[in-house]
Each structure stands twice: as structure tokens, then as C-alpha cells.
Amino acid sequence: MTNEVRNVLEMNILFVAFEYPPVPYGSATVSYELAKNLSLQKNKLIIIAPFVKNAKPFDSNADLVTYRITTIKIIREVVLFFMILYLIVKYNINVMYNLTWYPAAAVSYFVSIITRIPYVINVYAADYFEDRSTLVNKIKYNFLRALIKRLAFDRAKAIITI
């Protein structure tokens, strides 16, 4: 195998998952299995996940490099933005892999504009469509959020749907 081919196959991937163990949900398990499999393919995988109870013991046994951030909304997005920038520089990241469109891909959209690093969005079909039937959801899924969503999906290097 030539060095050029080897370099293409060995990527530094920033993996952003907001449902990740030790959270006991099915999608958290899927996130963890995907992360493990990506790391087995000669990729350097750096994970950003929310800080949850029992995260420290899980991370120390998981054999993956994991950074945890706050789950407090608005603060979470700001912390995520600066954490992604920091990890891009520290690990020479080639691609950002987001397991949700919001907040992961929305933040990656803005980071990508600054750094020119591509990102991928992994979404469940239901993540794309948002229920706007109640007043609370009309406020929550306002014009600005819809605009950021469209821009994030348009700029993504790839969209993987499940």
C-alpha cells in the first residue's frame, strides 16, 4: 500500500454524539458501537459526548478518547463550538462526524465555515421533521432554527439516514 493511500485511510475523526453511554438508551448503544468500529479501522477517533452520571468510570474502561461537555442548553452549544476548535488543532482532525443535526451538526456548520473541515451528519428520519403543531414547538422550531438546519444540511459532506 502506498503512503498516499494509507494517509487517506487513516483519518482523524471528531465524533460528536449527544446520546452516548453510559446513557442506557438504544441510540446511545448504537453510537458507542459505531465509535468502536470506526476506531478499529486505523482511524484516530476523538469523541465529544455529554457529561452524565457514571461517565468517568465508563470512559476509563472504554478504550476510546472521550471528552465530556455540559448538557445545559445554550452553554452547551458555546462550549461545544470552542471544544471542537480546540480538538481540531490538538488532533489535526480531518472530518467531523455528527450523530445528531442539533446541536452537533449545527455547531459543526459554523466550525466548518471557519476551518474548512468537512462534516457528516448521521440522522434518524424523524430528526429531520419537526412537529410544529403546538405553540411551544412553534416557538422552539422557529425561523432561525429552521434556517440553521437547512444551512447545516446543505453544507454537510454527507448525510447518513437511518
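Conventions we followed
Residues numbered from 1 in each chain as written. Predicted model: local features only at pLDDT ≥ 70, side-chain atom pairs only at ≥ 80, totals over all residues. Heavy atoms only, no water. Pairing = 2+ DSSP bridges. Helix = DSSP H or I, 4+ residues; strand = E, 2+ residues; numbered from the N terminus. Axes fitted to C-alpha atoms, helices over the stretch in contact; angles between N-to-C directions. Contact = heavy atoms within 4.5 Å. Salt bridge = Lys/Arg side-chain N within 4 Å of Asp/Glu carboxyl O. Buried < 20%, exposed > 50% of the residue type's maximum accessible area, 1.4 Å probe, protein only.

Colleague: What am I meant to see in the sheet that holds strand S1 (residues 12-16) here?
Modeller: Strand pairing in a sheet relies on backbone hydrogen bonds, with the paired strands running either antiparallel or parallel. Sheet architecture is open: six strands sit in the order S3-S2-S1-S4-S5-S6, paired in parallel fashion. This sheet does not close on itself; its edge strands, each paired only once, are strand S3 (65-69) and strand S6 (158-161). Between one strand axis and the next, the sheet turns by 20 degrees as a mean value, whatever way the strands run. The sheet contact formed by strand S5 (residues 119-123) and S6 spans four bridges and is parallel. For Val 120, the partnering residue across the bridge sits in S6 and is Ala 158. Where helix H4 (residues 75-91) meets the sheet, its contacts fall on S1, strand S2 (44-50), S3 and strand S4 (95-98), and the angle it forms with S3 comes to roughly 155 degrees.

Colleague: Would you mind going over the pattern of salt bridges with me for this structure?
Modeller: Pairs may arise between side chains of opposite charge once their charged atoms sit close together. A full pass over the atoms with the stated rule returns three salt bridges. Of the charged contacts, one joins Glu 33 and Lys 36 as a salt bridge, the two residues approaching to 3.5 Å between their closest N and O atoms. Pair noted here: Glu 33 and Lys 36 are both in helix H2 (residues 26-40), with a separation of three residues, about one helical turn. Glu 33 sits in the partly exposed class, given a relative accessible area of 33%. Since its relative accessible area comes to 30%, Lys 36 is described here as partly exposed. Arg 68 is the salt-bridge partner of Asp 59, the closest N and O atoms lying 2.7 Å from each other. The same class applies to Asp 59 and to Arg 68, which are both buried.

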